[in-house]
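# Reading the structure
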Amino acid sequence: AVVSTQSTGMINFPKPLIAAVNGPAIGIPVTTLGLCDLVYCTDSAHFRTPFVSLGQSPEGCSSYIFPRTFGFAKANEMLLAERQISAEEACTGGLVTRIFPEDTFREEVDKVVSHMAKLPPQSMIISKGLIRQEVKEKLLEVNTRECITLRDRWLSDECMTAIMNFLNRKKK
C-alpha cells in the first residue's frame, strides 16, 4: 500500500517534482525518478535496481518508464540484470536532467528551484498537466499492476528466501 500511495501521489501531484540525488540511489529511489519532472544528481551518483536478487519485481512505474527512457535493452539490463549505471549513463539515457559537481551541487539545484518558485504557479501547473496528460492514466494503470505483482512477490516463498539470504549475508 505504501508503494502504491507514494507512486500514485507522485503521478497525480500537480506541481513539478524535482529530485536531487547526491550519492548512491538503490531500489525505489531510482524507479520513482521517472515520475519526477526534473532530476539532478552529482557526478558521483549511481543508480541500481536489485529487484530480482531480492525475489521482487519493479515498482514506481519503472516497468513502463524505463524501456521508454533507456530503450528495452538498457532497461532490461538495469531491471533484470541489476546493472548499476553511472550518473553519466542516467543523464545520457534521459533519467537524469543534469549532472552537477559535488562541490556546487546544492547551490546549482537551489538556483533551479528558486527560479522555478518565481514563475507563475498556475502556468506551471497547467503546463505540467499538458505534458503529462497523455501518460497519466497509463502510469496509474501500470502502478496498480506493479503494486499487485509486488504484493504477490512479497508473499512468495522465493521472495522470503531471497530476503532472508540477503539479511544473513549482511550479518557475516
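The present account deals with the structure reproduced in this document. (Residues numbered from 1 in each chain as written. Predicted model: local features only at pLDDT ≥ 70, side-chain atom pairs only at ≥ 80, totals over all residues. Heavy atoms only, no water.)

Further remarks concern helix α6 (residues 105-117). A turn of α-helix holds 3.6 residues, and therefore any two residues three or four places apart point the same way. Taking 1.5 Å of rise per residue, the 13 residues of α6 would be expected to cover 18 Å, and the 18 Å separating its terminal C-alpha atoms lies within 8% of that figure. Of all the residues in α6, the buried ones are Phe 105, Val 109, Val 112 and Met 116. Looking straight down α6, one finds that the buried residues subtend no more than 55° of arc, so they occupy a single side. Away from its buried face, by an angle of more than 90 degrees, α6 presents the exposed residues Arg 106, Lys 111 and Ala 117. Elements in contact with the buried residues of α6: β1 (18-21), β3 (38-42), β6 (98-100) and α7 (121-132). (Helix = DSSP H or I, 4+ residues; strand = E, 2+ residues; numbered from the N terminus. Expected span 1.5 Å × (residues − 1). Buried < 20%, exposed > 50% of the residue type's maximum accessible area, 1.4 Å probe, protein only. Arc of directions from axis to C-beta. Contact = heavy atoms within 4.5 Å.)

In this section: the environment of Phe 13. For Phe 13, the location among the structural elements is in the loop between α1 (2-12) and β1. The exposure class assigned to Phe 13 is partly exposed, which follows from its relative accessible area of 37%. In this structure the C-alpha to C-alpha distance between Phe 13 and Leu 35, which are 22 residues apart in sequence, comes to 9.9 Å.

Moving on to the sheet that holds strand β5 (residues 85-86). Spatially, the 3 strands line up as an open sheet ordered β2-β4-β5, and their pairing is mixed. Each edge of the open sheet is held by one strand with a lone partner, namely β2 (24-26) and β5. Bridging between strand β4 (residues 46-48) and β5 involves 2 bridges; their strand directions are antiparallel. The residue bridging His 46 from the neighbouring strand is Ser 86, located in β5. (Pairing = 2+ DSSP bridges.)

Counting buried residues along β3, 5 of its 5 residues qualify, which places the element largely inside the surrounding structure. Where burial is concerned, the two faces of β3 agree: the one with Leu 38, Tyr 40 and Thr 42 and the one with Val 39 and Cys 41 are both buried. Here 4 bridges tie β1 to β3, and the two strands are oriented parallel to one another. Residue pairing for β3: Ala 20 is matched across the bridge by Tyr 40. Pairing geometry for β3 and β6, over 3 bridges, is parallel. Within β6, the residue paired with Tyr 40 across the bridge is Arg 98.

Judged by nonpolar contacts, the single largest core of 31 residues is most densely connected at Phe 47 and Phe 66. Elements with a contribution of two residues or more to this core: α1, β1, β3, α3 (62-70), α4 (72-79), α5 (87-93) and α8 (136-154). Examining the composition of this core, we find that 4 residues originate from one element, α3, more than from any other. Sequence-distant contacts of Phe 66, defined by excluding residues within four places in its chain, comprise Val 30, Thr 31, Thr 49, Gly 71, Ala 75, Met 78, Leu 79 and Leu 95. (Core = buried A, V, L, I, M, F, W, Y, C linked by side-chain atoms within 4.5 Å.)

Nothing here speaks to function; it is geometry throughout.
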